[in-house]
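Coordinate inspection notes
Spelled out, the chains give:
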Amino acid sequence: MLKKFALLLMVALLMVMGVGGSVVAQDVTELTIWWAQWAPADFLQQVGNDYEAATGIKVTVVQTPWGDFYNRVGTEWAAKGTSYDLIVGDSQWVGQGVTQGHYVDLTDFMVSNGIDKTVTPATLQYYGEYPPGSGKYYAYPTEGDANGWAYRKDLFEDETNKADFEAAYGYALDIPQTWEQLRDIAEFFTGRQEGLYGVAVYTQDDYDAITMGFENIFFSYGADWYDADYNVLGVVNSPEAVAALELYRELYQFAPPGTNDAFFQEMNDAFTNGQAAMIMNYFAFFPALDSDANPYRDATGYFVMPTGPGGERFAALGGQGISLNSYIDDARKQASLDFILWFAQEDTQRRWAELGGYTCNINVLESEEFLNQTPYNRAFAETMTFVKDFWNIPEFGQLLEPTQRYLSSYIVAGQGTAQEALDALAEEQDAILVETGVIQP
Amino acid sequence: MAQTSTDITSLQSSQATRQPRQRQMSDLRIMQLFILPTVILLILMNIFPLIYSLYLSFTNYSVIADKAPEWIGIQNYTTILSDQRFWANFATTGRYALISVILQTLIGFGLALLLRNKFKGSGLVTTLILVPMMLSPIVVATFWKLMFNPSLGIFNYLLGYTDINTSPLWLGDPNLALWAIVIVDVWMWSPFVMLLCLAGLSAIPEYLYEAAAIDRASAWFQFRRITLPQVMPLLLIAVLFRTIEAFKQFDLVMGLTSGGPGDVTETVSIRLYKLAFQGQYDTGMSSALAYIILIIIIAVSNLYIRSLNKARGA
């Protein structure tokens, strides 16, 4: 009751102060937000319901299955459509949304209202900024997300397992600190019990799953997708990248058979079926493991990405920022900005986190209340300090397609060597970047 | 009053002149008027997109970019025809279509021969066999994906594989993935071939077999000289339809493997989809590829239709 009153008061104050500029948004009675179909979108709808209760403006979150989301958005962009006011778009879309004019520049709005200072720098950079380092923002970081790990504590704490592991590998069985240790543990648990495998990793090749899974090792091994001048030759296929790819394929050998087309759902399935001792997944999908659907719920632990040989540690970034459709009229733009401003307030972000949304708000992330809210929030908060993302330039889709293909060819199909796969990928990416004018031949 | 009578006269005369005009509207004109809405719809929905996409195939254009199409001549076509990966896609499609259609023809025709003679419950058996082709391809792909799963699926178990570690990975093994799609396609569409063959078999006059029996013709001779030639026209129609469909196959492949692992099951339709959508949105290139596919389908169809006409003539 008190919270509702506080919300009402805050919205009333914002209205009285006339925050948001000169255009009056009073005619707008509803707002439409597009997002992918998953639990955080349901949470956003609940937050939207709070907004309606406070302001009378109805907020509808339209959800599209992940596999079709980009296609739907792309079609709407092509038509310069106004079917939505706000979009919670993937981090890789920012470059395309900006250069092709689909997103509104939110820099002045975010800076003048101090919103840019309320979120973690990494999320602001990857979800909202374009070009990188420019200080120009086009999205408010909404759903922070990254890859983490879930593991079976009962298996790790079993005395026999501990003794046998130490005898075999010469060090104690514990949460892996390095990728090499994770590989050893995956090998150890594979076949340890009937139907048990060491690990489950992303392998799906239709959008970005296998690339996101691989990136965790790739970045931690010191590899990158491009150098300071956007060159890829010798970068994508560097020795570090090759070593990372070989390790990812090794991990796939310790995965349950049939996980050759696996993404978030298959990861959780492998875990709850008792097939995998460890799974990688986006934190956004861990709530399913902290429910009765997981028979190992009480024995489920979570940990952050291990480090690479050089001690570096990165996690593939998921998550999205909320952007404004540039094709809607000024009144709707103003109403949308009002919503973002309200959504970015600390109280709203606290409510967002309580519901299960992954806030990017610094204060909320650091609060003990948030850290203890779920068994995985502590790992999430730590992970958000070392996230890294794929390309976010307009050509990301063209670059992603061969990446998925070559990674799948080597990891899943076992075709050729890691070096051959990455050499071919580097050449193809180079050709794309030259053709599109990103780099000179 | 005089004025009124003049008005009526002029009205009558105008009606008189109008009525013969109405009568003059020919049947042809009425037909044209009825057809006109359909023609307009066809032009808007089919002809215009066809011509516009032909134009786009000669341009550098992305439908989501805020840039007008840039004319580049036949560059898209030369890129496609000189790219090894496109040829690999065509080879995959051809291999898939060939194996799939041959198996469907053999199984469908075999089933039709078995179901030709009525027996108790034959109607029910025929209906049950037809069920797969009535299902949505994406639903079929989804449940076959589950059945192929080496951990949870029943397919390997039915084949006698009980050890998960040695069971075939139907969708993950590059040597088996295309076969897995063929198995599902054959399961789904053999009934279609069977249905057409059954129609052909039921139309064969019984006296031909009676005459052959009197001449002591063997069963093989009867099959080769009576059954096969009589069924051939319908069989060729079934093969034509299935070949065109196999060439365009999208739903099953997308649902089962999405073209993977790697690109071993990437048919031209999947490639076209990836090129036209899924992050790339290369509208110009994908339009060119669509036209190449269209030309190939027309060419293959023409070959079939010629064979069909020959079979009819014979």
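Computed from a predicted model, the values in this text were never measured in an experiment.

**Observations concerning the overall build of chain A**
Of regular secondary structure, chain A possesses 19 helices and 11 strands. Here the C-alpha atoms of chain A give a radius of gyration of 22 Å, agreeing with the 22 Å that 2.2 N^0.38 yields for 441 residues. Taken over the C-alpha atoms alone, chain A extends approximately 70 × 60 × 35 Å along its principal axes. Across the 441 residues that make up chain A, the buried fraction comes to 60%. In chain A, the proportion of contacts linking residues at least 24 apart, taken out of those at least 6 apart, comes to 73%. Positive and negative side-chain charges of chain A, numbering 22 and 62 respectively, have mean locations separated by a distance of 7 Å.

**Some details on the environment of B:T142**
Residue and element names in this part refer to chain B. Structurally, T142 can be placed in helix α6 (residues 137-148). In this structure T142 comes out as partly exposed when scored by relative accessible area, which is 46%. Residues T142 and Q280 lie 138 residues apart in sequence; the distance between their C-alpha atoms is 26 Å. Within the structure, T142 has its side chain in polar contact with the backbone oxygen of I138 (distance 2.7 Å).

**A word on the sheet that holds strand β3 (residues 86-90) of chain A**
Strand pairing in a sheet takes place through backbone hydrogen bonds and is either antiparallel or parallel in direction. Residues and elements named next belong to chain A. Spatially, the five strands line up as an open sheet ordered β2-β1-β3-β10-β4, and their pairing is mixed. Looking along the sheet, the strands with just one partner apiece sit at the ends: β2 (58-64) and β4 (140-143). Each strand axis lies, on average, 30° off the axis of its neighbour in the sheet, ignoring direction. Both strand β1 (residues 30-36) and β2 contribute to a ladder of seven bridges, which runs parallel. Within β2, the residue paired with T32 across the bridge is T60. Where helix α2 (residues 39-55) meets the sheet, its contacts fall on β1, β2, β3 and β4, and the angle it forms with β2 comes to roughly 170°. In the packing of helix α13 (residues 330-343) onto the sheet, the strands contacted are β1, β2, β3, β4 and β10 (320-324), and the crossing angle to β1 comes to about 65°.

**Observations concerning the nonpolar core**
Counting 156 residues, the largest nonpolar core has A:W35, A:W149, A:M278 and A:F339 as the members making the most contacts within it. Broken down by element, this core gets its largest block of residues, eight residues, from helix α11 (residues 239-253) of chain A. Here this core gathers at least three residues from each of two domains, domain 1 (2-145 + 318-388) and domain 2 (147-316 + 395-435) of chain A. Non-local contacts of A:M278, meaning those with residues more than four positions away in its chain, are made with A:W149, A:A150, A:Y151, A:F156, A:L182, A:I185, A:A186, A:G198, A:V199, A:A200 and A:F303. One finds B:L115, B:F148, B:L235 and B:M254 within the second-largest nonpolar core, a separate group that totals 47 residues.

**Topic: the domain arrangement of chain B**
Residue and element names in this part refer to chain B. Taken domain by domain, chain B holds domain 1 (17-71) and domain 2 (77-313). Using only C-alpha atoms to locate each centre, domain 1 and domain 2 end up separated by 35 Å. Of the residues lining the interface, 12 residues belong to domain 1; the matching set on domain 2 comes to eight residues. Of the roughly 810 Å² buried between domain 1 and domain 2, counting both surfaces, carbon and sulfur atoms make up 62%. Between the two partners, domain 1 and domain 2, sit zero salt bridges. Along the contact surface separating domain 1 from domain 2 lie seven residue pairs in polar contact (both at pLDDT 80 or more). A per-element tally of the side of domain 1 that touches domain 2 places helix α2 (residues 27-56) first, with five residues. Among the residues making up the side of domain 1 that touches domain 2, the classes are represented as eight nonpolar, four polar and no charged.

**Observations concerning the interface of chain A and chain B**
Facing the 29 residues of chain A at the interface are 32 residues of chain B. At the boundary of chain A with chain B, total buried surface from both sides reaches about 2,400 Å², with 47% on carbon and sulfur atoms. At the junction of chain A and chain B, the tally comes to two salt bridges. A:E401 is the salt-bridge partner of B:R85, the closest N and O atoms lying 3.0 Å from each other. Summed over the shared surface of chain A and chain B, the result is nine residue pairs in polar contact (both at pLDDT 80 or more). Contributing elements (two or more residues each) for the side of chain A that touches chain B: α3 (66-78) and α18 (396-411) of chain A. Its residues placed into classes, the side of chain A that touches chain B shows seven nonpolar, 15 polar and seven charged.

**Structural notes on the domain arrangement of chain A**
All names here are of chain A. What the domain assignment reports for chain A is domain 1 (2-145 + 318-388) and domain 2 (147-316 + 395-435). Of note, the centres of domain 1 and domain 2, computed from C-alpha atoms alone, are 30 Å apart. Taken together, the contact pairs 22 residues of domain 1 with 25 residues of domain 2. Considering only the side of domain 1, the residues that lose the most area to domain 2 are Y376, F386 and K388, jointly responsible for 35% of the buried surface there. Put simply, domain 1 and domain 2 have one salt bridge between them. For the side of domain 1 that touches domain 2, the elements supplying multiple residues, two or more each, are α3, α17 (377-383) and β11 (387-388). For the side of domain 1 that touches domain 2, the element with the highest residue contribution is α17, accounting for four residues. The residue makeup of the side of domain 1 that touches domain 2, split by class, is 13 nonpolar, four polar and five charged.

**Remarks on the pattern of salt bridges**
In the structure shown here, the tally under the stated rule is 25 salt bridges over all chains. In this structure, A:D85 engages A:R332 in a salt bridge whose closest nitrogen and oxygen atoms are separated by 2.6 Å. Of the two residues, A:D85 sits in the loop between α3 and β3 while A:R332 sits in helix α13, which places them 247 residues apart along the sequence. With relative accessibility at 2%, the residue A:D85 sits in the buried group. Two residues, A:R405 and A:E428, come together in a salt bridge whose shortest N-O distance is 2.6 Å. Taken together, the residues span a long stretch of sequence, with A:R405 in helix α18 and A:E428 in helix α19 (residues 418-435) at a distance of 23 residues. Classification of A:R405 as buried rests on a relative accessible area of 5%. Taken together, the shared-partner salt bridges in this structure form one network comprising A:E401, A:R405, A:E428, B:R85, B:D263, B:E266 and B:K274.

Parameters at a glance
- Here the residue numbering is sequential within each chain, running from 1 through the sequence in written order.
- The naming scheme follows written order: chains are lettered A onward, ligands numbered 1 onward.
- Reporting of local features is limited, given that this is a predicted model, to residues whose pLDDT is at least 70; pairs of side-chain atoms are given and counted only at 80 or more, and all residues count toward the totals for whole chains, interfaces and linings.
- To get the side-chain values, take all heavy atoms of the structure and skip hydrogens and water.
- Numbering of helices and strands runs from the N terminus; a helix is a DSSP stretch of H or I covering at least four residues, while a strand is a stretch of E covering at least two.
- Here the globule rule is a power law, 2.2 Å times the number of residues to the power 0.38, and the radius of gyration is based on C-alpha atoms.
- Relative accessibility under 20% of the residue-type maximum defines a buried residue, over 50% an exposed one, and the middle range a partly exposed one, all with a 1.4 Å probe and only protein chains included.
- Note on contacts: a residue pair qualifies if any of its non-hydrogen atoms lie within 4.5 Å across the two residues.
- Residues scored as positive are Lys and Arg, those scored as negative are Asp and Glu, and His as well as the terminal groups of each chain are ignored.
- The atom standing in for a charge is NZ when the residue is Lys, CZ when it is Arg, CG when it is Asp and CD when it is Glu.
- Residues adjacent in sequence count toward polar contacts only when both atoms are side-chain atoms; beyond that, a polar contact is any pair of N or O atoms within 3.5 Å, and within protein one must be able to donate a hydrogen and the other to accept it.
- Whether two strands pair comes down to DSSP finding at least two bridges between them.
- Between the N-to-C directions of two axes lies an angle of 0 to 180 degrees, each axis being a line fitted to C-alpha atoms and, for a helix, fitted only over the stretch in contact.
- Note on terminology: a nonpolar core comprises buried Ala, Val, Leu, Ile, Met, Phe, Trp, Tyr and Cys residues joined through side-chain atoms within 4.5 Å.
- In this document the domain limits rely on a domain assignment from an automatic tool or a database.
- We define buried area as the total accessible area lost by two parts upon association, computed with a 1.4 Å probe and summed across both.
- Salt bridge, as used here, is a side-chain nitrogen of Lys or Arg placed within 4 Å of a carboxyl oxygen of Asp or Glu.
- Residue classes follow a fixed rule: Ala, Val, Leu, Ile, Met, Phe, Trp, Tyr, Cys and Pro count as nonpolar, while Asp, Glu, Lys and Arg count as charged, and any other residue, Gly among them, counts as polar.

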